[in-house]
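Tertiary structure, described
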Amino acid sequence: MSGKQLSLFEQQPEDSGDFFTRKRSWSASKHRIMLKYIQSFCYNLGGDQPYQSKYLNYVDGFAGTGKYDQGIGIENFVGNSNFLKKYSNDFSDTDGSPIIALKWAKIFSQENRVNLRCFFNEANKKVNEKLKINCQSLINELFCKIYEPKKFALCLPELMNDLENYPTLFFLDTFGVKGVTFEQICLIANYVSQYKGELFLLFHNIQVARHAGQSTARSEDPQKLKAAQTYTQNLTALLGPNSELDWKPKWLELNNLPQHFERWALEYFKSRLLKESSFRGVGSFKIREDYNDRRPQYSLVVCSNKPEKAFGEFLNEFFWEEDKLLYFKDNQSKTAQEFLEREWNHETNERIIKVKPIIINLLREHLINWMPVNEVITLLILKMGDLGYLKRTQYREILLKIHQEGILEARNLGTKGKVILESQIRIVK
Ligand SMILES: C[S@@+](CC[C@H](N)C(=O)[O-])C[C@H]1O[C@@H](n2cnc3c(N)ncnc32)[C@H](O)[C@@H]1O
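Analysis parameters
Residues numbered from 1 in each chain as written. Predicted model: local features only at pLDDT ≥ 70, side-chain atom pairs only at ≥ 80, totals over all residues. Heavy atoms only, no water. pLDDT = per-residue confidence, 0-100. Contact = heavy atoms within 4.5 Å. Axes fitted to C-alpha atoms, helices over the stretch in contact; angles between N-to-C directions. Helix = DSSP H or I, 4+ residues; strand = E, 2+ residues; numbered from the N terminus. Parallel < 35°, antiparallel > 145°, perpendicular 65-115°, else oblique. Nonpolar A, V, L, I, M, F, W, Y, C, P; charged D, E, K, R; others polar. Pairing = 2+ DSSP bridges. Near = heavy atom within 4 Å. Polar contact = N/O pair within 3.5 Å; in protein donor to acceptor, adjacent residues only side chain to side chain. Areas by Shrake-Rupley, 256 points an atom, 1.4 Å probe, with all protein chains shown as cover. Expected span 1.5 Å × (residues − 1). Buried < 20%, exposed > 50% of the residue type's maximum accessible area, 1.4 Å probe, protein only. Phe/Tyr/Trp six-rings, centres within 6.5 Å; stacked < 30°, edge-to-face > 60°. Lys NZ or Arg CZ within 6 Å of the ring centre and 35° of its normal.

All right, on to the confidence of the model for the protein chain then. Keep in mind that low pLDDT regions are not for reading the predicted coordinates in detail. Across the protein chain, the average pLDDT comes to 94, with 95% of residues at or above 70. Confidence over residues 1-13 falls short of pLDDT 50; this stretch has 21 contacts with residues more than four positions distant or in other chains.

Structure (structure tokens):
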């Protein structure tokens, strides 16, 4: 096989030279989630309270150029959100993740809220130069360190040293399977469990499946064998030490079933992280091009030391909103909107009906003692393990119905005798 055939380059539209010429819808989706999460992270952990810090870090380990020539998906989104509207002049469709972080850093500095220290790493020399130019006008009095072009693995020791024990949000936006290893993720987990923060990283399911396929391909050709070894090493480095003992037989078992292997691999990766790293929670969100797309472009894997807050309060809502946005995508006409609104409500009702018996079982298992409604909702979101399936207010409605049916009892009711978020509930039957 020629070197050209061995390359994954052609099969990997993401990893092409024109990545930054036109922002794709799935990149915009990832940017919207990061945009909202950076704000929540800084509003939550930045400040003067004993659990807060005046300094926070944002790390973009695969930063890119910071700007796309053509962009989408940010300006309308910020302008249409009641919560974000006041920032509608600040963000632009063409912003990449490092620029989004820098713009937040500037806003937080003007609000006197927190110093968000930005650390950007980008291996490609030309891309790194562009990144520096694109950040220049924003940096002024902000803290921003752009490392000299080097691979993330080589930058990591210096980077960890630079973080100075402040809470840190890590974003590792790799192009594929290569770039970050399971062991490096565990190192980040140790930092986060000590000093707070989260890790967001992309799991490229299609690339994962291709790697497994290439590495198990049989051949007598020494060149092909060598290439297969490299694929094995790369995938094993991501999925965890000795993981080939698990993923190779799984590939042989599942490779004829569309997407089964990559779904298995994602769950395997998440469960190993949960068992072997010091993260307390690992969740994921499928980033798709269309709502009905069965194969996501990739999954955003989120690892946290405080999943109650990160998953239960922030990301559950953000993922739900992102799904809704995808559902209504590109349908601007009023009639289409009304139709979709009805369909969306129908789907939500179906979800509620489907999930109610599961919730009752979870409550029977976990809600023996009194607990505030707010915390019960968080508990349900974490136990359900499907972030963004319903939003918090919908879980609350289900709890109210279950209470009306006499399965739950409540105390500390609101003024009109109603169950409110602060009320406490427990299971009675
Ligand atoms: C998906 S792009 C980043 C996009 C950017 N985070 C955004 O959202 O605007 C990935 C970037 O990582 C860079 N890269 C690839 N391998 C790398 C490595 N091992 N270390 C650091 N950067 C790398 C690529 O040159 C590319 O610019």
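Next, the rest of the story.
With that settled, the discussion passes to the packing of helix 8 (residues 205-216) against helix 10 (residues 244-254). For the pair helix 8 and helix 10, interaxial distance at closest approach is 10 Å and the crossing angle is 90°. On the basis of the axis angle, helix 8 is roughly perpendicular to helix 10. Here Ala209, Ala212, Gly213, Ser215 and Thr216 of helix 8 come into contact with helix 10, specifically with Trp247, Lys248 and Trp251. Each residue belonging to the contact of helix 8 with helix 10 can be placed in one class, and the counts come to 4 nonpolar, 3 polar and 1 charged.

On the basis of which strands lie adjacent, the open sheet formed by 3 strands has the order 8-10-9 and antiparallel pairing. In this open sheet, the two strands that pair with only one neighbour each are strand 8 (371-372) and strand 9 (408-411). In the sheet, strand 9 pairs with strand 10 (residues 424-427) via 4 bridges, with the strands oriented antiparallel. Each bridged residue has a counterpart across the sheet, and for arginine 411 the counterpart in strand 10 is glutamine 424. Packing of helix 15 (residues 392-404) onto the sheet brings it into contact with strand 9 and strand 10, and relative to strand 9 it is tilted by some 105°.

Here the focus is the site of the ligand. By nearness alone, 23 residues border the ligand, and His31, Ser97, Glu122, Phe152 and Asp173 come closest of all. Within the backbone of alanine 123, one N or O atom sits 3.2 Å away from a nitrogen atom of the ligand. The separation between a nitrogen atom of the ligand and a polar side-chain atom of aspartate 173 is 2.8 Å. Compared with its free state, where it exposes 600 Å², the ligand has 90% of that area covered by protein. Among the residues forming the shell around the ligand, the class breakdown is 10 nonpolar, 7 polar and 6 charged.

Turning our attention to helix 11 (residues 260-276). Its 17 residues give helix 11 an end-to-end C-alpha distance of 24 Å, which sits within 8% of 24 Å, the value for a rise of 1.5 Å per residue. By the burial criterion, the buried members of helix 11 are Phe261, Glu262, Trp264, Ala265, Leu266, Tyr268, Phe269, Lys270, Arg272 and Leu273.

This paragraph deals with the packing of aromatic side chains. Applying the stated criterion across every chain yields a total of 29 aromatic pairs. Judged by centre distance (4.8 Å) and plane angle (55°), the ring pair of tyrosine 191 and tyrosine 195 falls under tilted. With tyrosine 191 and tyrosine 195 both in helix 7 (residues 182-195), this residue pair falls 4 residues apart, about one helical turn. Against the face of phenylalanine 77 rests arginine 32, its NZ or CZ located 5.9 Å from the ring centre.

The subject of this paragraph is the pairing of strand 7 (residues 298-304). The buried count for strand 7 comes to 7 of 7 residues, which makes it a mostly enclosed element. Of the strand pairs in this sheet, strand 5 (residues 197-203) and strand 7 are connected by 6 bridges, and their pairing is antiparallel. Residue pairing in the sheet places glutamate 198 in a bridge with serine 304 of strand 7. As defined by bridge partners, strand 6 (residues 281-287) adjoins strand 7 across 7 bridges and the pair is classed as antiparallel. Opposite glycine 281, over in strand 7, you have serine 304 as the bridge partner.

Burial within strand 4 (residues 168-172) is extensive, with 5 of its 5 residues counted as buried. Neither face of strand 4 is open: one carries Thr168, Phe170 and Leu172, the other Leu169 and Phe171, and all of them are buried. Across 4 bridges, the pairing between strand 1 (residues 55-60) and strand 4 is parallel. Residue valine 59 lies in a different strand from strand 4, and its bridge partner there is phenylalanine 170.

What follows is about the side chain of serine 81. Along the chain, the position of serine 81 falls in the loop between helix 3 (75-80) and helix 4 (97-110). There is a polar contact of 2.9 Å between the side chain of serine 81 and the backbone nitrogen of leucine 84.

So, about the sheet that holds strand 5. On the basis of which strands lie adjacent, the open sheet formed by 7 strands has the order 3-2-1-4-5-7-6 and mixed pairing. Each edge of the open sheet is held by one strand with a lone partner, namely strand 3 (144-146) and strand 6. Adjacent strand axes in the sheet meet at a mean angle of 15° when their direction is disregarded. When strand 2 (residues 115-120) meets strand 3, the two strands line up parallel, connected through 3 bridges. Bridge pairing in strand 3 links cysteine 118 to cysteine 144. The sheet contacts of helix 12 (residues 307-328) involve strand 5, strand 6 and strand 7, and relative to strand 6 the element is tilted by about 10°.

Bringing the packing of helix 13 (residues 334-366) against helix 14 (residues 373-384) into the picture now. Remark: helix 13 packs on helix 14, axes separated minimally by 11 Å, with the N-to-C direction vectors making an angle of 110°. Accordingly, the angle class assigned to the pair helix 13 and helix 14 is roughly perpendicular. In this structure, helix 13 contributes Val355, Ile358, Ile359, Leu362, Leu363 and His366 to the contact, and helix 14 contributes Val376, Leu379, Leu380, Lys383 and Met384.

This part takes up unusual backbone geometry. Positive phi outside glycine occurs at asparagine 242, with the angle close to 65°. In this fold, asparagine 242 is placed in the loop between helix 9 (222-239) and helix 10. Positive phi is not limited to glycine here, since asparagine 412 has a value of about 55°. Along the chain, asparagine 412 turns up in the loop between strand 9 and strand 10. A relative accessible area of 49% means that asparagine 412 is categorised as partly exposed.

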